[in-house]
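Coordinate analysis (summary)
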Amino acid sequence: MAATQVLSKDTSVPMKNELLAGRTRAAMIFLLPMMLALAIVAGWPLLRSIWFSFTDASLVHLYEAKFVGFKNYLNWIDLPSGKRVYTGVLVDKGWWNAVWNTLRFGTVSVVLETIFGLAVALVLNAEFKGRGIVRAAILVPWAIPTVVSAKMWAWMLNDQLGIVNDMLQRLGIITEKIAWAADANYSMAAVLMVDIWKTTPFMALLILAGLQMVPKDVYEAAEIDGVHPVKVFFKVTLPLIKPALMVAVIFRLMDAMRIFDLIYVLTPNSSQTKTMSVISRENLFDFDKFAYGSAESTLLFVFLLIMVTAYIKFAKVNLDGSTQ
Amino acid sequence: MANLVLKNVKKSFGSVNVIKGVDLEIKSGEFMVFVGPSGCGKSTLLRLIAGLEDITSGTLSFDGQVVNALAPSRRGIAMVFQSYALYPHMTVYENMAFGMQLSGGSKDDIKTRVEKAAALLQITPYLERLPKQLSGGQRQRVAIGRAIVRDPKVFLFDEPLSNLDAALRVATRLEIAKLHHSMNSVTMVYVTHDQVEAMTLADRICVLRDGLVEQVGTPLELYENPTNIFVAGFIGSPKMNFLEGKFAESYKAHTIGVRSEHMEFVKKGGWQGSVIHAEKMGSDTYSFVDVGSAEPIIIRETGTSRHDVNAKVSVAPMDGKVHRFAADGKAI
Ligand SMILES: Nc1ncnc2c1ncn2[C@@H]1O[C@H](COP(=O)(O)OP(=O)(O)OP(=O)(O)O)[C@@H](O)[C@H]1O
Ligand SMILES: [Mg+2]
């Protein structure tokens, strides 16, 4: 009895550990280059900008920066009159305007892109002649660099020379030319439209991949069960593609909250569309308030972190690849 | 209860003709089995009956009413797929109840029907599980249960047992046979390429080849009176022995066929040859005898054989058990 126990301890336990150790080692070896690359290109800059946000750095005095604590985030001065004046990002009206712009943009664009993407994916999932070509063609907006397509749209939406105004006028939909990108009433709509035009294909392809995982015979079973196509969509298709949909939405959400290039090119200096990324870049480089801009980008990072964590937790997203 | 009639039914996918004109009557309450080699169009024919594919030409009628354009759900059918086709995100109970819930059955009614079907198929303990938490055999029973719950007039099965292992296949075959007896007014159409399944389950078998019906009849009719070489070779295991040339000439045929159980070892006369191999199954022995024909003749003996490998033997067909075929393959 005792002998067998000793034996089992001697043989089985180390063998299992050896296996585990081997696997862990292999995993480490494969992961190491990526971790290293991430640390250099993402980790280090991130830590640097967090550090700068706690200093009085400016573009010309980057290396003489001194630690100032939370002053960039929130600070106050007591005036001789006895009045206390607050400064810092957290009480900056421009910053909060950018936060709301970002939230508005993110929510509207992701919701619309998901709906349109789903619709496009459902169409592309049907069998028809030339499906391969259509699938490739639909990716074109996504393949064009954003700066290029933003500039292209800026020209098309131009109030004097743009083709959009020209067409709308010829069709009799508008009488006066509209400065889509510059007019405060329309600039957010213009940005949203271009972003949806550009990103819907990306959503569609991610959702299409999920749709193609749904076995065809399930639809046939539903057909025999006599389930109405609309019901099939909500009761069968949607639950089955939900994992893919959730992952697609989180990718888009992160991307949308960081939006910069499109707005920078299409509607520069519009307070209607200025987002967190745009305003922090402005402070970092245009206004020579490097530390202040760093504080803003740090807040953006924290904001994204909270949002993504909450999303994963509440939407029960499975990032480990299993379906349920 | 439904009587199915197919009149010159054809189906083509683009320019490919898959079903090339099938005339067939499936009687009410009958267990009809479609057999045939892979790719002959069995599944396609079944899916035409189900309404999952459109009929290119010809008519399909249920009880005298043409249903070519009727939606699958309105034909009074239920189908069991080879791949089970369960809804992966629904529990066993929900899978079975889904169709009824949407057609507006009362909750209690649905519950009693699902529970009755579950009891019949012995899947009651699994009602709250997801399909992925079940074994293949259990999933197949859920699929059958879902079909039963629909209370169909016609049951359609597309190779329901092909994903199961041998033992489970025999057990589930029995379940299906019992099901047929207990629901004797329900017409069943069953697709398989396994002729043992066909022989054991069918009231009548329809042998298909290349989109056409070769022969329709009871299992024994097909076994005893195949109308052509194809059916003769397809039904029965091991395959019927076929001999041509000088062997067939004395019977005034192009080809003759003799089943292994209708061959015997004889003292004198018959065909001379030597035993090249013997398969000893315990209950039977199959001896392979080379008599100079294209393929060795298989001879079945009950029990163990008295003939060793390489032994010189004479074999002959039993009286009246020789099938004769003309050059075009038709039985004479
Ligand atoms: N949707 C389709 N498009 C084109 N050809 C098809 C389609 N479905 C089936 N076929 C063709 O029709 C023929 C018959 O197919 P079917 O699935 O009915 O064969 P089967 O008898 O069920 O074979 P198996 O025993 O292998 O299941 C095959 O040659 C197949 O390639
Ligand atoms: Mg098939």
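Only a predicted model underlies this, so the values are computations on that prediction, with no experimental measurement involved.

Calculation rules
Residues numbered from 1 in each chain as written. Chains lettered and ligands numbered in written order. Predicted model: local features only at pLDDT ≥ 70, side-chain atom pairs only at ≥ 80, totals over all residues. Heavy atoms only, no water. pLDDT = per-residue confidence, 0-100. Near = heavy atom within 4 Å. Polar contact = N/O pair within 3.5 Å; in protein donor to acceptor, adjacent residues only side chain to side chain. Areas by Shrake-Rupley, 256 points an atom, 1.4 Å probe, with all protein chains shown as cover. Helix = DSSP H or I, 4+ residues; strand = E, 2+ residues; numbered from the N terminus. Expected span 1.5 Å × (residues − 1). Bend = angle between axes of the 7 residues up to and from the residue. Buried < 20%, exposed > 50% of the residue type's maximum accessible area, 1.4 Å probe, protein only. Pairing = 2+ DSSP bridges. Axes fitted to C-alpha atoms, helices over the stretch in contact; angles between N-to-C directions. Phe/Tyr/Trp six-rings, centres within 6.5 Å; stacked < 30°, edge-to-face > 60°. Parallel < 35°, antiparallel > 145°, perpendicular 65-115°, else oblique. Left-handed = near helix turned anticlockwise from the far one by under 90°. Contact = heavy atoms within 4.5 Å. Nonpolar A, V, L, I, M, F, W, Y, C, P; charged D, E, K, R; others polar. Buried area = accessible area lost by both parts, 1.4 Å probe. Salt bridge = Lys/Arg side-chain N within 4 Å of Asp/Glu carboxyl O. Domains from an automatic or database assignment.

**Focus on the confidence of the model for chain B**
On average, chain B scores 91 in pLDDT, and the residues at 70 or more come to 100%. Two numbers describe this predicted complex: its pTM, 0.79, and its ipTM, 0.84.

**Details of the site of ligand 1**
Residues and elements named next belong to chain B. Around ligand 1 sit Phe13, Val18, Ser38, Gly39, Cys40, Gly41, Lys42, Ser43, Thr44, Glu159 and His193, and those are all the residues in its vicinity. Gly41 has a polar backbone atom sitting 3.0 Å from an oxygen atom of ligand 1. Burial of ligand 1 by the surrounding chains reaches 57%, relative to a free accessible area of 630 Å². Top contributing element to the shell around ligand 1 by residue count: helix H1 (residues 42-50), with three residues.

**What to know about helix H7 (residues 187-211) of chain A**
Count 3.6 residues to each turn of an α-helix, and residues three or four apart come out pointing the same way. Residue and element names in this part refer to chain A. The end-to-end C-alpha distance of H7 is 35 Å, a good match for the 36 Å that 25 residues give at a rise of 1.5 Å each. Considering bend angle alone, the principal kink of H7 is centred on Thr199 and spans about 35°; proline Pro201 follows within four residues of it. Of all 25 residues that make up H7, 18 are buried, and the element is covered over most of its length.

**Some thoughts on the sheet that holds strand S1 (residues 4-13) of chain B**
Residues and elements named next belong to chain B. On the basis of which strands lie adjacent, the open sheet formed by four strands has the order S2-S1-S4-S5 and antiparallel pairing. On the outer flanks of this sheet lie strand S2 (16-26) and strand S5 (65-66), each paired with one strand and no other. Both strand S4 (residues 57-62) and S5 contribute to a ladder of two bridges, which runs antiparallel. Paired with Ser61 across the strands is Val66, a residue of S5.

**Section: the sheet that holds strand S11 (residues 241-244) of chain B**
Residue and element names in this part refer to chain B. Taken in spatial order, the three strands line up as S11-S12-S18 in an open sheet, and their pairing is antiparallel. With one partner strand each, in any of the chains shown, S11 and strand S18 (323-325) form the two edges of the open sheet. In this sheet, neighbouring strand axes are inclined to one another by 25° on average, regardless of whether the strands run parallel or antiparallel.

**Quick notes on the packing of aromatic side chains**
Residue and element names in this part refer to chain B. Inspection of the entire model under this criterion finds 20 aromatic pairs over all chains. Centre to centre, the rings of Phe157 and Tyr190 are 5.5 Å apart; their planes meet at 45°, and the pair counts as tilted. One end of the pair, Phe157, is in strand S7 (residues 154-158); the other, Tyr190, is in strand S8 (residues 187-191), and 33 residues separate them in sequence. Like Tyr190, Phe157 is buried. A centroid spacing of 6.1 Å and a plane angle of 65° characterise the contact between Phe242 and Phe325, whose relative ring orientation is edge-to-face.

**Here's the deal with the packing of helix H2 (residues 93-125) of chain A against helix H9 (residues 229-257) of chain A**
Residue and element names in this part refer to chain A. Relative orientation of the contacting elements H2 and H9 amounts to 140°, with a least axis distance of 10 Å. Taken together, the axes of H2 and H9 are oblique relative to one another. Between H2 and H9 lies a crossing of right-handed hand. Contact with H2, carried on its side by Thr102, Leu103, Phe105, Gly106, Ser109, Val110, Glu113, Thr114, Leu118 and Leu122, involves Phe233, Leu238, Ile241, Leu245, Val249, Arg252, Leu253, Ala256 and Met257 of H9 and no other residues of that element. Split by residue class, the contact of H2 with H9 holds 13 nonpolar, four polar and two charged.

**Details of the interface of chain A and chain B**
Between chain A and chain B, the residue contacts involve 16 residues of the former and 23 residues of the latter. Summing both partners gives a buried area of about 1,700 Å² for chain A against chain B, and 64% of it is carried by carbon and sulfur. Taken together, chain A and chain B are joined by two salt bridges. With its nearest N and O atoms 2.6 Å apart, the salt bridge here joins A:Glu220 to B:Arg47. Taken together, the elements giving at least two residues each to the side of chain A that touches chain B come down to helix H8 (216-225) and H9 of chain A. Broken down by element, the residue count for the side of chain A that touches chain B peaks at eight residues, all from H8(A). Of the residues in the side of chain A that touches chain B, the class split is eight nonpolar, two polar and six charged.

**Some remarks on the domain arrangement of chain B**
Residue and element names in this part refer to chain B. Each domain of chain B was delimited in the assignment, giving domain 1 (4-233) and domain 2 (239-325). The straight-line distance from the C-alpha centre of domain 1 to that of domain 2 is 38 Å. With eight residues of domain 1 in contact, the opposing surface of domain 2 contributes nine residues. When domain 1 packs against domain 2, the two sides together hide about 680 Å² of surface, and 63% of this comes from carbon and sulfur. When the area that domain 1 buries against domain 2 is broken down by residue, the three leading residues are Tyr223, Ile229 and Ala232, summing to 67%. Across the domain 1-domain 2 interface, the total number found is zero salt bridges. Where domain 1 packs against domain 2, one counts two residue pairs in polar contact (both at pLDDT 80 or more). Secondary structure elements with two or more residues in the side of domain 1 that touches domain 2: helix H7 (219-224) and helix H8 (229-234).

**Structural notes on the domain arrangement of chain A**
Domain boundaries in chain A define domain 1 (16-51) and domain 2 (92-315). Taking the mean C-alpha position of each, domain 1 of chain A and domain 2 of chain A sit 32 Å from one another.

**Observations concerning the packing of helix H2 (residues 92-102) of chain B against helix H4 (residues 136-149) of chain B**
Think of two packed helices as two axes; the pair is described by the angle between the axes and how far apart they sit. Residue and element names in this part refer to chain B. In contact at an axis separation of 9 Å, H2 and H4 are set at 30° when each is read in the N-to-C sense. One element, H2, and the other, H4, form an angle in the roughly parallel class. Crossing angle aside, the handedness with which H2 passes H4 is right-handed. In contact with Val92, Asn95, Met96 and Met100 of H2, H4 contributes Val142, Gly145, Arg146 and Val149. Looking at the contact of H2 with H4 residue by residue, the classes come out as five nonpolar, two polar and one charged.

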